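Fold and contact review
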Amino acid sequence: GNSVTQMEGPVTLSEEAFLTINCTYTATGYPSLFWYVQYPGEGLQLLLKATKADDKGSNKGFEATYRKETTSFHLEKGSVQVSDSAVYFCALSRYRGSTLGRLYFGRGTQLTVWP
Amino acid sequence: DGGITQSPKYLFRKEGQNVTLSCEQNLNHDAMYWYRQDPGQGLRLIYYSQIVNDFQKGDIAEGYSVSREKKESFPLTVTSAQKNPTAFYLCASLPVGLTTGELFFGEGSRLTVL
């Protein structure tokens, strides 16, 4: 089946520290991969995405590379800020070009950044 | 501005009562989805609809019902049959022809059963 496993939190870092949140997936074929971010009390916002192997998604200093050989899509940021404190979700979609479009989510990783 | 509007943002209900959560979108998206979020469990799919007047059960449909009478609207009813309804509910939509499968989310509705 389709599933996503991501690093359990919470993750607590000091400002300007390096961030890695691990994400691995199980899927048939060639899924699209996503990282979503959720700030307290809000819905999910797309942070970045990658649609094929070796693609690198990037946004707001965050990066993730689609690694088919290791079935991974780890999220990284070189220098976190207090404003990055949020819950991060890794997700995959098996249905490109189709309105079926359901996403399979990991459990989320809570990140707290201290000044 | 285009987007997905969920209401109410917070809702309290007594046990045994049905409650309906509203989801409206003005993005002209065909497909709409309801997810439930519980702490430490990620998001689980309740129902989804690809076109008007048609919808399918997701992974945890028991105790929930939906309708899709208009393209813009996909309300979710949490019935008294749902054993543990306290959760954060998220509505999402998907545009026609999008090739990457990303969903667009509303701000969520938090339901608390007293």
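As shown above, the structure is provided for reference.
Read on for an overview of the structure.

Applying the stated rule across the entire model yields two disulfides over all chains. A sulfur-sulfur separation of 1.9 Å characterises the disulfide bridge that pairs A:Cys23 with A:Cys90. Handedness here is read from the sign of the S-S torsion; for A:Cys23 and A:Cys90, about -70°, the answer is left-handed. Placement of A:Cys23 in strand S4 (residues 23-26) and of A:Cys90 in strand S10 (residues 86-93) is noted, with a sequence separation of 67 residues between them. Looking at A:Cys23, the relative accessible area reads 1%, which means it is buried. A relative accessible area of 0% means that A:Cys90 is categorised as buried. In this model, B:Cys23 is linked to B:Cys91 through a disulfide, with the two sulfur atoms separated by 1.9 Å.

Turning our attention to the interface of chain A and chain B. Each partner contributes residues to the interface: chain A has 24 residues there, and chain B has 25 residues. A buried area of about 2,000 Å², summed over both sides, lies between chain A and chain B, and 53% of it is on carbon and sulfur atoms. At the boundary of chain A with chain B, the tally comes to one salt bridge. The partner of B:Glu102 in a salt bridge is A:Lys49, with the nearest N and O atoms 2.6 Å apart. Here chain A and chain B share six residue pairs in polar contact (both at pLDDT 80 or more) between them. Where the side of chain A that touches chain B is concerned, the elements lending two or more residues are strand S5 (32-38), strand S6 (44-50), S10 and strand S11 (103-105) of chain A. When residues of the side of chain A that touches chain B are assigned to their parent elements, the largest contribution, four residues, is made by S5(A). Among the residues forming the side of chain A that touches chain B, the class breakdown is eight nonpolar, 11 polar and five charged.

Across the junction of A:Gly9 and A:Pro10, the peptide omega takes the value 0°, indicating a cis bond. Structurally, A:Pro10 is set in the loop between strand S1 (3-6) and strand S2 (11-14). B:Pro8 follows B:Ser7 through a cis peptide bond whose omega is -10°. Here B:Pro8 is to be found in the loop between strand S1 (4-7) and strand S2 (10-13). Of note in the backbone geometry, A:Lys60 takes a positive phi value of approximately 55° without being a glycine. With respect to the helices and strands, the residue A:Lys60 is situated in the loop between strand S7 (56-59) and strand S8 (62-65).

Residue and element names in this part refer to chain B. Positionally, Arg 68 belongs in the loop between strand S7 (64-66) and strand S8 (76-78). Given the relative accessible area of 2%, Arg 68 is considered buried. Separated by 16 residues in the primary sequence, Arg 68 and Val 52 have C-alpha atoms spaced 5.3 Å apart. There is a polar contact of 2.8 Å between the side chain of Arg 68 and the side chain of Ser 49. Looking at Arg 68, its side chain comes within polar contact range of the main-chain oxygen of Lys 70, at 3.3 Å.

Let us look at the nonpolar core. Core analysis: the largest hydrophobic core is formed by 26 residues, its most contacted members being A:Leu19, A:Trp35, A:Leu47, A:Leu48, A:Phe73, A:Leu75 and A:Tyr88. Looking at which element gives the most residues to this core, the answer is S10(A), with four residues.

What counts and how
- Residues numbered from 1 in each chain as written.
- Chains lettered and ligands numbered in written order.
- Predicted model: local features only at pLDDT ≥ 70, side-chain atom pairs only at ≥ 80, totals over all residues.
- Heavy atoms only, no water.
- Disulfide = S-S within 2.5 Å.
- Helix = DSSP H or I, 4+ residues; strand = E, 2+ residues; numbered from the N terminus.
- Buried < 20%, exposed > 50% of the residue type's maximum accessible area, 1.4 Å probe, protein only.
- Contact = heavy atoms within 4.5 Å.
- Buried area = accessible area lost by both parts, 1.4 Å probe.
- Salt bridge = Lys/Arg side-chain N within 4 Å of Asp/Glu carboxyl O.
- Polar contact = N/O pair within 3.5 Å; in protein donor to acceptor, adjacent residues only side chain to side chain.
- Nonpolar A, V, L, I, M, F, W, Y, C, P; charged D, E, K, R; others polar.
- Core = buried A, V, L, I, M, F, W, Y, C linked by side-chain atoms within 4.5 Å.

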